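Spelled out from the first residue to the last, the chains are:
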Amino acid sequence: MLPKFRKNPIHHYPDGNVVLCVGHEHFRVHASIFRASSSFFDGFFSGNGKETVSHSVRCEHGDPKTDTGETDRKVIATVQLPGKNSKEVEMLLSTLYLHTEMEITWENVEPILKLADEYGFPRILAKCDQLLRRDIGNKPLEVLILADRYRLPKAFNASSALVLHDYAKISRRPEYKQLSLETRVELQAVRLRYLDGIEELSQQSAWANVKFNHPSCPANHFQHFNNQRSTGSLATLPLKQDFTGCQCCQQPDCTKAKIKRLKVALGMSDEPVIVEDKKYYLYIELAEPIKKKSPFSA
Ligand SMILES: [Zn+2]
Ligand SMILES: [Zn+2]
């Protein structure tokens, strides 16, 4: 006798034409929805997955076309998702099917991200990215860990700015080690460059060759920089952009020249990342995620 399977109570649609077999649980879903939402399933149903998985692959519960549980002829494919947790697959489907649209929260975001990343569901990834960015001010490290693991560029750039902003404190937290080695190395490199830049700008000579309007402008900017440094306000990013004019010559372009000097020395980006109305100029950029191979290929 074939082993028994359970029909998922939420996502087993009588008019569905695809069976997802997860452990001893069956989900009966719609190929059209999966093709439109997932790069993996789009490739799978358009034949790109043929070399690795046949459309009529049987699960251990028997071929749904003949099994008493799935009698009709509508089922076009059975897809086994080996090693997956049925509760987590249910959560993924509940964010996909609009009538059950489940809210993504910090409690469920990681398993949903993991599956959405593995099977290429861009709309669900974007929803997760939205949640992460909403809470970035409270949980910058938690956001960076997930954005790093699942390659979410927007959340990654913004959270790296906040982590760098408070690097000395955040990098000592035990969870910090959950970041990839690559990201930790980059954060440290950006931070070191910033600290080296501060040392460099603390020398009068670093300001000598900047084009300013008045002979006393360089000395004035140098003095102002060191005042900021000694009061600790310099270590506070975001950088304050004050274009009302240089205190010495009263010219805005002189202040711009100063900001440019700071940016070059400190390794700051020209395009800021904006988090909660603040502009951050120090962050790590993550490129768009690389398209993954099918999880079924060797
Ligand atoms: Zn099965
Ligand atoms: Zn000036």
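Residues numbered from 1 in each chain as written. Chains lettered and ligands numbered in written order. Predicted model: local features only at pLDDT ≥ 70, side-chain atom pairs only at ≥ 80, totals over all residues. Heavy atoms only, no water.

**Brief notes about the sheet that holds strand 3 (residues 25–29)**
To keep it simple, the criterion reads: Two strands pair under a simple rule: DSSP has to find at least two bridges between them. Going along the chain from the N terminus, every DSSP run of H or I of four or more residues is numbered as a helix, and every run of E of two or more is numbered as a strand. Fitted lines through C-alpha atoms serve as axes, helices being fitted only where they are in contact, and the angles separating the N-to-C directions of these axes extend from 0 to 180 degrees. Should any heavy atoms of two residues lie within 4.5 Å, those residues are counted as being in contact.
One open sheet accounts for four strands, arranged 1-3-2-4; its pairing is mixed. The open sheet has two edge strands with one neighbour each: strand 1 (6–12) and strand 4 (77–80). With direction set aside, neighbouring strand axes in the sheet form an average angle of 30 degrees. Here strand 2 (residues 18–22) pairs with strand 3 via five bridges, running antiparallel. If you follow Val-19 over to strand 3, its bridge partner there is Arg-28. Contacts from helix 3 (residues 86–96) reach strand 1, strand 2 and strand 3 within the one sheet, and its direction differs from that of strand 3 by about 15 degrees.

**Quick notes on the nonpolar core**
Counted only if it meets this: Residues belong to one nonpolar core when they are buried, are Ala, Val, Leu, Ile, Met, Phe, Trp, Tyr or Cys, and are joined through side-chain atoms within 4.5 Å. Burial classes: relative accessible area under 20% of the type maximum marks a residue as buried, over 50% as exposed, and values in between as partly exposed (1.4 Å probe, protein chains only). Domain boundaries shown here were taken from an automatic or database domain assignment.
Core analysis: the biggest nonpolar cluster contains 75 residues, and Leu-20, Phe-34, Phe-41, Phe-121 and Leu-187 have the highest contact counts within it. Looking at which element gives the most residues to this core, the answer is helix 7 (residues 153–165), with seven residues. The residues that make up this core include at least three from each of domain 1 (6–118) and domain 2 (192–280). What Leu-187 contacts, discounting residues up to four positions off in sequence, is Leu-144, Ser-160, Val-163, Leu-164, Tyr-167, Tyr-176, Leu-179 and Ile-284.

**Here we look at the confidence of the model for the protein**
Inclusion rule: The pLDDT score gives, residue by residue, the confidence of the prediction method on a 0 to 100 scale.
Confidence in the prediction of the protein, expressed as mean pLDDT, is 84, and 84% of residues score 70 or more. Low pLDDT, under 50, characterises residues 49–55; the predicted model gives this stretch eleven contacts beyond four residues in sequence or across chains.

**A few points about the environment of Gly-83**
Checked against the element boundaries, Gly-83 lands in the loop between strand 4 and helix 3. Separated by 60 residues in the primary sequence, Gly-83 and Gly-23 have C-alpha atoms spaced 7.5 Å apart.

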